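Listed below are the residues making up each chain.
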Amino acid sequence: MFKNRGLFLGFIFISNFIFSQEINKVSFSHEAGFYNEPFYLKLNVKQGELFYFDENNINNNKKPFPDSLLINKTRTISLLVAHADSIHKLGSFSYFISFNTKFKVVSISIDNDFLFDNHKGIYVKGPRAYLDTSSGFYRNVNWERGWERENFVEIFNEQGERIVSQNSGIKIFGGMTKYSPEKSLRLIARKKYGISRFDANLFNQGKKKYKHFVLRHSGGDYRDLRFLDALLTSLASESGLDVQASSPSHVFVNSEYWGVYNIREMINEHYINNNYSCGTEGVDILQGLKTVDQGSGDEYTKLLKFVQKNNLAISSNYTEVQKMMDTRNFINFWVHQIFYANHDARGNIRWWRSDSLDGRFRWIVYDTDLGFGTGRANRNLLKDFTNPIMTDWYNPNWATFLLRNLLKNDDFKKDFIHQSSFIFSSTLSTKHILRRINEFKNLYDDEMKIHFNERRKFQSYQGNYKNWENRIIKIKQFAEKRDEFSFLHLEGKFNLKKPYYLYLKIENYNHGKVTLNNNELKSELFFGAFYSEYALPISIEPDIGYSYTGYSENTILGKSGDTLKIAVKFIENKSSDIQVVINEINHIDNCFEIYNLEGHQVDLSGWIITDKNNNYYKIDNLLLGKESFAVFHYTDSLHKIDSVAYHKIGFKLSSCDEISLYDNKKQLVDRISYQLIKDQSSYSRNIPFEEFDGIKLEWRSVEESTIGFHNQTYSNLVEEKIKNRRLLTITTVTCSILIIPISLIIRWNKKRKDVMLK
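A brief report on the enclosed structure follows. (Residues numbered from 1 in each chain as written. Predicted model: local features only at pLDDT ≥ 70, side-chain atom pairs only at ≥ 80, totals over all residues. Heavy atoms only, no water.)

## Quick word on the sheet that holds strand β13 (residues 149-156)
- Spatially, seven strands are ordered β10-β13-β14-β15-β18-β20-β19 in a closed barrel, and the strand pairing comes out mixed. Across the sheet, the mean angle from the axis of one strand to that of its neighbour is 40°, orientation sign disregarded.
- Summarising the sheet, strand β18 (residues 212-216) and strand β20 (residues 256-264) pair through three bridges and their orientation is antiparallel. What sits directly across from Val214, in β20, is Arg264. (Pairing = 2+ DSSP bridges. Helix = DSSP H or I, 4+ residues; strand = E, 2+ residues; numbered from the N terminus. Axes fitted to C-alpha atoms, helices over the stretch in contact; angles between N-to-C directions.)

Next up, the structure:
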C-alpha cells in the first residue's frame, strides 16, 4: 500500500503520537496543589487502564486506580496508563492537605532505592566505604561517585501554582557538606528524561530556562539558620557582585516532609548565559587554586604570569591587568569576604570570563556559610589576606597572590580604600545589615516552625527553633560590631588618619543620579566615613529635563575628624518655547514623527528623545524646515518620502508608552503618553495646533498610518478650507463679471432718462 517507506514510517509515528496523546488524556476531579480539607480524587482516562503508585517506580506497589482515592493527608501519587502492550507514564501529582506556606514547595518522586539502597543509593555510604582515620571521614562512599538518578520533580510557587512538573536527573551536591547526614541535592534537566530545561520563574525574576538548580540545605549553616548564605550573598549582590539567586522552599520526597531548603542557581556556563545573555560557548569558569570547571584555564594562567613578571606599581602594567580582569569587581569581592570574616573564601572562590563579553575575569560570591562567625567580629582578615606569609590554613600565598600584588598600585589601593569606606557605610553598615537580617527572620520565621515541628528524617541532627532564634541574635551581634572593627583594620593596614564624616542630602533624588566613587546612591540621605588621604570622586547627573543646584566640584576632600554637609537639589527645567510637536506614533512599524510648527527652520542637533523605559536617542545633524516632518524609526521597512528626514533609533515602541522630546538645553519640547487600541496601528493628532479653524487638538487611535504626511483630519480641514477659498474666489470673480455690465447698463439707462427729460 505504502510504496514510500519514509512516508509509511512518518504515518506510523504520527499515528502513535496521536494515539499516545489520546491515552494520556486524563481528567482530574482535583488538580495537583493545596487543599484545606481531605477529598476524594476521581480520575478518568479516555483509553486504557489507569494505575497509581507512591514512588517514581512502576514496579513498586503498582495498583489499579479505584473509582475514587481518599486524599486525607499530604501525598504524591504517580500515574501510568496501560493499553494493549504499551505503558505510558503520566508523571507525579502532589496534593498538600492543610499545608499553609508562603514559600515555594518542591516535591520529588523517586524510586526509594535510588536514595537509600546500599548498592545503588546515592544518599548512603555503600558496601565499599571505609573510615579514613587520618581525616575522620568515610572514603569510597556512594555519595562521592557522582551518580545521577531519575526522578519526577514538581515545583509550586508562592501562589500554589505548579510551575515545574517533569522528569529530571538528581545528584548529591556539595563539597565537605556531602559528609553531613543531610545533604544538598542537584536537579538536572536532560533531553533523555523528556525536557532539556526547567522553563520556569524559579527566583521571581521572570521565566527563564535553567539546565540545573540546587536544593541547598545551607551548607555549614544547615543546623542553624538555613539562610545565612542566602542573606550574605544577597548583601553582596547590592554591590553588583555575581551571586546565586535564591528562593526558599519546603521539600517533600515521596510524600515525606524533608524541611526548608533554598532553591539556588547552579554555577556553570548556563548560569553565566542566564545572567549575561552571552551564550555558553567561550565561557571559562575556575575555582580554588585554579581548577577549571568550564572552558580553559589558559587566560587565567596568562594573567597570573603577567602579574608575577611585572611590577604593578607601574601604571602601564596595571592598565594591562585591567584589560584582563575587572579590578572593581575584584575589590568588591574581597571587601565583602573580608567583612564577613569568611575564612573559607580561599577554597570557595569562583571566577569567570566570556569571549562574548569583554573577556575580563569577574568573581562570584559563593558559599559564605563560615561568615559572621561567633567571636569573629574583631578578626582582622584584611591583615591575614594581604600577608605575604601564610599564617593559617586559609591564607596560603596562592590564595592572596592577586590581592597583594594589586595593592602595590596606588590607583588600586585608593579604589580599595574608597570602596571599603563606601560599602562599610552603606550596604554593610550596621543599620542596613540589621534591617536585612530582620527581613530574612520575618520571611523564614513561621516556615522554620514547620521545619522543626514537621520533619522526621534528619531531625536528630537538626537543632530546634530556640537555637535558631539564638543564632539570629548572634549574627546581629556580629553586625553591630563588624563595621567599626573593619574601619580600624583599614586604618591600620594603610596607615590612615581617623576618617572624616560625610553627610549628603539629595532633594528630589529620583530625578537624577549622584555617585560616590562610581557607586550610585539609592536614597535621599547618605552618611559615611572616608579618609582625607584621598580625594573622593563625586558625580552629579540630573535626569533629562532636570538640572541641579548645590555642590559643584567633582571630588570631595575633608579633614580628619571633621563632618562635611553637602546638599544637592534636582530641579525640573522650564518647558521649551520651540513649537516642534510629536505628531503621530505607529507602534506596528515602530516609528513616530515630529512636525515643525515654527515659521522657520529649526536646528534639532543635540535634541533628545526618550521613552518610559529610559530608552534614549540623541539627534545628530538635523535641520528641520518649517512645516516639515522628521520620522524616527526602529526598522528599515518604511516607505520613505523624499521631503521627510528619517533617523534610525535603537529601541522599539510598545503599544503603551510615553515619548518625550527635549531640546539641546534639556528643556521639554513635547511629550505624549499613549495606549493604542487593539487593531489600531497609529495614534495621531487630529491637528498639529492647539486649535485650528474652530477645531481643538486631540489624539486619536486610527487604523491607517499617515507617517510622513499630515494626519487625515488636518488634511481634510485644510483641503476644505482651500476648497472654500476657491469657491469664494470664483463667486467674487463671477459677481465682478456680472456687476460691471449691470453697472454700465444702469448708468446708460440713467443717462438716457436724463436726455429725455431735457
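## Looking at the sheet that holds strand β22 (residues 291-294)
- Pairing within the open sheet is antiparallel, and its four strands lie in the order β22-β21-β23-β24. Each having just a single partner strand, β22 and β24 (362-364) make up the two edges of the open sheet. In this sheet, adjacent strand axes meet at a mean angle of 30° when their direction is disregarded.
- Note that strand β21 (residues 283-287) and strand β23 (residues 350-354) share five bridges and pair antiparallel. Paired with Asp284 across the strands is Arg353, a residue of β23.

## Points about the environment of Glu469
- Looking at the secondary structure, you find Glu469 in helix α12 (residues 465-494).
- Relative accessible area serves as the criterion here: at 26%, Glu469 is assigned to the partly exposed category. (Buried < 20%, exposed > 50% of the residue type's maximum accessible area, 1.4 Å probe, protein only.)

## Quick word on the pairing of strand β26 (residues 512-516)
- With four of its five residues buried, β26 lies for the most part within the structure.
- Two elements, β26 and strand β29 (residues 536-542), share five bridges in a ladder whose sense is antiparallel. Its bridge partner being in β29, Gly512 is matched across the sheet by Pro542.
- Pairing geometry for β26 and strand β27 (residues 519-520), over two bridges, is antiparallel. Within β27, the residue paired with Thr515 across the bridge is Glu520.
- Where β26 hands over to β27, the hairpin turn is made up of two residues, of which Asn517 adopts a positive phi near 50°.

## Describing helix α7 (residues 327-339)
- The terminal C-alpha atoms of α7 lie 18 Å apart, and with 13 residues this matches the ideal 18 Å at 1.5 Å per residue to within 8%.
- A large share of α7 lies buried, amounting to twelve of its 13 residues.
- Here α7 has its buried residues at Thr327, Asn329, Phe330, Ile331, Asn332, Phe333, Trp334, Val335, His336, Gln337, Ile338 and Phe339.
- With a side-chain oxygen positioned 3.2 Å from the backbone nitrogen of Arg328, the residue opening α7 is Asp326. (Expected span 1.5 Å × (residues − 1). Polar contact = N/O pair within 3.5 Å; in protein donor to acceptor, adjacent residues only side chain to side chain.)

## Digging into the nonpolar core
- Core analysis: the biggest nonpolar cluster contains 118 residues, and Phe372, Leu402, Phe416 and Leu516 have the highest contact counts within it.
- Here this core takes nine residues from α12, the largest share from any one element.
- Judged by nonpolar contacts, the second largest core, of 31 residues, contains Ile122, Tyr123, Leu185 and Val251. (Core = buried A, V, L, I, M, F, W, Y, C linked by side-chain atoms within 4.5 Å.)

## Remarks on the side chain of Asn254
- The residue Asn254 is located in the loop between β19 (246-253) and β20 in this model.
- Not counting residues up to four positions away in its chain, the partners in contact with Asn254 are Asp54, Glu55, Ile108, Ser109, Ile110 and Asn112. (Contact = heavy atoms within 4.5 Å.)

## A word on the packing of helix α11 (residues 430-454) against α12
- Between α11 and α12, the shortest axis-to-axis distance is 11 Å and the interhelical angle comes to 170°. In terms of their interaxial angle, α11 and α12 are classed as roughly antiparallel. Side by side, α11 and α12 meet where Thr430, Ile433, Leu434, Ile437, Asn438, Lys441, Tyr444, Asp445, Met448, Lys449 and Phe452 of the first sit next to Tyr465, Trp468, Ile472, Ile475, Lys476, Ala479, Glu480 and Asp483 of the second.
- Considered class by class, the residues forming the contact of α11 with α12 number eleven nonpolar, two polar and six charged. (Parallel < 35°, antiparallel > 145°, perpendicular 65-115°, else oblique. Nonpolar A, V, L, I, M, F, W, Y, C, P; charged D, E, K, R; others polar.)

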